[in-house]
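These are the residues of each chain, in order.
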Amino acid sequence: QVQLVESGGGLVQPGGSLRLSCVASGSIFSINIMAWYRQAPGKQRELVAQITTRGITHYADSVKGRFTISRDNDKNAVYLQMNSLKSDDTAVYYCYSQIRPSGGREVWFQYWGQGTQVTVSS
């Protein structure tokens with residue numbers, strides 16, 4: 001069974017930093033895109049950042065220059081370094097990935113983590 005587990009969320013002061021981690025576990029053959037989404041209260045879930053297997057990245061305009069997404073393919077992990085945090089960054093952050101399970105069909109399956117709360121407040 002493949003699953004994504006996030007960690008690193010918490011309470012941080014405005015202007016502070018936080019690093020989120022997401023590790024995919026289970027019988028994994030390959031991982032394609034990995035990404036971070038977030039959803040604030042009363043708002044739709046939005047893409048924050050994504051990264052391909054080869055390291056090509058994309059960021060939401062609201063986080064460009066402040067957030068950095070990276071991955072460690074040997075550890076099946078993706079990270080989100082968040083700097084200069086603002087109150088508007090407060091949300092539940094979700095890890096997302098397209099994964100091909102070992103021994104399964106040769107197609108990509110979509111997986112979501114359960115989310116980790118990030119609160120930016122004084």
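Residues numbered from 1 in each chain as written. Predicted model: local features only at pLDDT ≥ 70, side-chain atom pairs only at ≥ 80, totals over all residues. Heavy atoms only, no water.

Caption draft 1: Seen up close, the sheet that holds strand β1 (residues 3-7). Strand order in the open sheet made by the four strands is β1-β3-β8-β7, with antiparallel pairing throughout. In this open sheet, the two edge strands, each paired with only one partner strand, are β1 and β7 (67-72). Between one strand axis and the next, the sheet turns through 15° on average, direction left out of account. Two elements, β1 and strand β3 (residues 18-25), share five bridges in a ladder whose sense is antiparallel. Looking across to β3, one finds that Glu6 is bridged to Cys22. (Pairing = 2+ DSSP bridges. Helix = DSSP H or I, 4+ residues; strand = E, 2+ residues; numbered from the N terminus. Axes fitted to C-alpha atoms, helices over the stretch in contact; angles between N-to-C directions.)

Caption draft 2: Representation of the nonpolar core in the model. Counting 31 residues, the largest nonpolar core has Trp36, Leu80, Met82 and Tyr93 as its most contacted members. Elements with a contribution of two residues or more to this core: β3, β4 (28-39), β5 (46-51), β7, β8 (77-82), β9 (91-101) and β11 (116-120). The contact partners of Leu80, leaving out residues within four places of it in the chain, are Leu18, Arg19, Leu20, Trp36, Val48, Ala49, Phe67, Thr68, Ile69 and Tyr93. (Core = buried A, V, L, I, M, F, W, Y, C linked by side-chain atoms within 4.5 Å. Buried < 20%, exposed > 50% of the residue type's maximum accessible area, 1.4 Å probe, protein only. Contact = heavy atoms within 4.5 Å.)

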